[in-house]
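Structure assessment
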Amino acid sequence: MDFVWESFVIAILAFGILYFLLNKYAFGPLFGIMEKRRQMVLEQMENARKNREEASQYIEDQKQSLQQARKEAYDIIEQAKNTSAKQADDIVAAARSEAGRLKEEAIRDIEAEKNKAVAALRAQVSGLSVLIASKIIEKQIDEQTQQQLVEQYLQEVGNES
């Protein structure tokens, strides 16, 4: 194998020209496309990172909102319990007050009826006393007859009631 210098120089010159042409027309645009692709991948990675951060923040906000909603629901339930307990106490107090008022009214009515009955009884007793006295005066009777008259009038009073 003989080494031919002319072929070697021609091959080197051809390679140099080819490299120059490729560098000017192929590698430049190819490296430009690759650089654009690298920039696009970096941008997508940055967007993905931002989206992850936003999602994390959104999840945290949702957790806080859920916790706040639970607290508000608990407060509403507690307020409803307190309100219902107060209303129950008010209803019981009103019922007791009404029962006391009705009891006092019934006691007054009973007292008034008792007073009327006592007054009516006094009127009857006084009427009977006058009647007995007039009968006794009309008849001068002995003690046994007087006793019989009193018993007779008491029986009449007992039958009238």
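Everything that follows concerns the structure shown earlier in this document.
As the structure is a computational prediction, the values presented were derived from the model and not from experiment.

Digging into the overall build of the chain
- Scanning the chain for helices and strands turns up 2 helices and 0 strands.
- Here the chain has a C-alpha radius of gyration of 62 Å; the compact-globule value for 161 residues is 15 Å, and the former is much larger.
- With the principal axes as the frame, the chain shows a C-alpha extent of 195 × 25 × 15 Å.
- Among the 161 residues that make up the chain, the fraction classed as buried is 2%.
- Accessible area of the chain: about 14,500 Å², with a carbon and sulfur share of 60%.
- Charge centroids of the chain, computed over 21 positive and 26 negative side chains, lie 8 Å from each other.

Quick look at the pattern of salt bridges
- The final tally for this structure, using the stated rule, is 10 salt bridges.
- In this structure, the salt-bridge partner of Asp 90 is Lys 86, at a minimum N-O distance of 3.6 Å. Here the residue Asp 90 and the residue Lys 86 both occupy positions in helix H1 (residues 5-138), the gap between them amounting to 4 residues, near one helical turn.
- Under the relative-accessibility criterion, Asp 90 is labelled partly exposed at 41%.
- For Lys 86, a relative accessible area of 53% translates into the label exposed.
- Where Glu 113 meets Lys 116, a salt bridge forms, and the shortest distance between an N and an O atom there is 3.7 Å. Linking Glu 113 with Lys 116, this pair stays in helix H1, spanning 3 residues, or about one helical turn.
- Residue Glu 113 is classed as partly exposed on the basis of its relative accessible area, which comes to 49%.

Cut-offs used in this document
- Residues numbered from 1 in each chain as written.
- Predicted model: local features only at pLDDT ≥ 70, side-chain atom pairs only at ≥ 80, totals over all residues.
- Heavy atoms only, no water.
- Helix = DSSP H or I, 4+ residues; strand = E, 2+ residues; numbered from the N terminus.
- Rg over C-alpha atoms; globule rule 2.2 N^0.38 Å.
- Buried < 20%, exposed > 50% of the residue type's maximum accessible area, 1.4 Å probe, protein only.
- Areas by Shrake-Rupley, 256 points an atom, 1.4 Å probe, with all protein chains shown as cover.
- Lys, Arg positive; Asp, Glu negative; His and termini not counted.
- Charge placed at Lys NZ, Arg CZ, Asp CG, Glu CD.
- Salt bridge = Lys/Arg side-chain N within 4 Å of Asp/Glu carboxyl O.

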